[in-house]
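One-letter residues, chain by chain:
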Amino acid sequence: MDEKKARLMALPKEALAELVTIYAKDWLAMDGVWFQSVEKAYGMDAAMRHDIAIWERFTVIEALKIKKFLRLPEEAGLDGLEKALRFRLYAHINDDEILREEGSLIYRTLSCRVQHAREAKGMPFHPCRAVGLVEYGGFARTIDRRIRCECLSCYPEVTDTTCHCAWKFTIDEEI
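Computed from a prediction, not measured in an experiment: that's the story for all the values here.

**Quick look at unusual backbone geometry**
A cis amide bond links Tyr-155 with the next residue in sequence, Pro-156, at an omega value of 15 degrees. Locating Pro-156 in the fold gives a position in the loop between β3 (147-154) and β4 (165-171). In this structure, Arg-71 takes a positive phi of about 55 degrees despite not being glycine.

**Concerning helix α2 (residues 13-42)**
In this model α2 runs 44 Å from its N-terminal to its C-terminal C-alpha over 30 residues, within 8% of the 44 Å that 1.5 Å per residue would give. Listing the buried residues of α2 in full gives Leu-19, Ala-24, Trp-27, Leu-28, Asp-31, Trp-34, Phe-35, Val-38 and Glu-39. Residues of α2 that are buried in the fold lie against α1 (3-9), α3 (44-70) and α5 (113-120). Gly-43, located one to two residues past α2, shows a positive phi value of around 100 degrees.

**Comments concerning the nonpolar core**
In this structure, Leu-81, Tyr-107, Phe-139, Ile-143, Trp-167 and Phe-169 are the most contacted members of the largest nonpolar core, which totals 35 residues. The set of elements that each furnish at least two residues to this core consists of α2, α3, α4 (77-85), β2 (104-111), α6 (129-143), β3 and β4.

**Digging into the pattern of salt bridges**
Within the structure shown, the criterion is met by 15 salt bridges. Arg-108 is the partner of Glu-97 in a salt bridge, and the nearest nitrogen-oxygen pair spans 2.5 Å. Placement of Glu-97 in strand β1 (residues 95-101) and of Arg-108 in strand β2 is noted, with a sequence separation of eleven residues between them. Exposure remark for Glu-97: the relative accessible area of 26% places this residue in the partly exposed category. A salt bridge links Glu-173 to Arg-146; its shortest N-O distance comes to 3.6 Å. Taken together, the positions of Glu-173 in the segment after β4 and Arg-146 in the loop between α6 and β3 put the pair 27 residues apart, joining distant regions of the chain.

Thresholds, definitions, all that
Residues numbered from 1 in each chain as written. Predicted model: local features only at pLDDT ≥ 70, side-chain atom pairs only at ≥ 80, totals over all residues. Heavy atoms only, no water. Helix = DSSP H or I, 4+ residues; strand = E, 2+ residues; numbered from the N terminus. Expected span 1.5 Å × (residues − 1). Buried < 20%, exposed > 50% of the residue type's maximum accessible area, 1.4 Å probe, protein only. Contact = heavy atoms within 4.5 Å. Core = buried A, V, L, I, M, F, W, Y, C linked by side-chain atoms within 4.5 Å. Salt bridge = Lys/Arg side-chain N within 4 Å of Asp/Glu carboxyl O.

Fair warning: the whole summary comes from geometry, so function is off the table for now.
Spelled out as structure tokens, the structure:
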């Protein structure tokens, strides 16, 4: 075992869990810093174009690593997606819930650090619906190519005021 891994293995489980949360918050802070830099210099439309391009790639990377870590099968279905969603970086820093309805999975972010941070700075909410379709849809399709994602509610098209966003996942048996 190399020195870096040994250093982590020597930490108690509680410290490792705390470190994962710190890393997740740092990752989200970096995401917000670059986004706000582009937003300030070039405007929201340019920042959103870049955000979508980044999420098209990052969400697949994250899903593939989680899928491998959890040893999920190629067609992991909604059960696999539920497991994978619980291990995303967001899962450690946002308040969320997963609901199951017949033939579907609903993922709801009850409290979003991004929107809270923007609100605290007096900034308008991040119009994340377009990015979310790419992010959540790409993540789900990487877990199982048959999974389809539908936005139920997300800024700027909020239809459910009990959460920051809500996404519905179903299996397309035709694929």
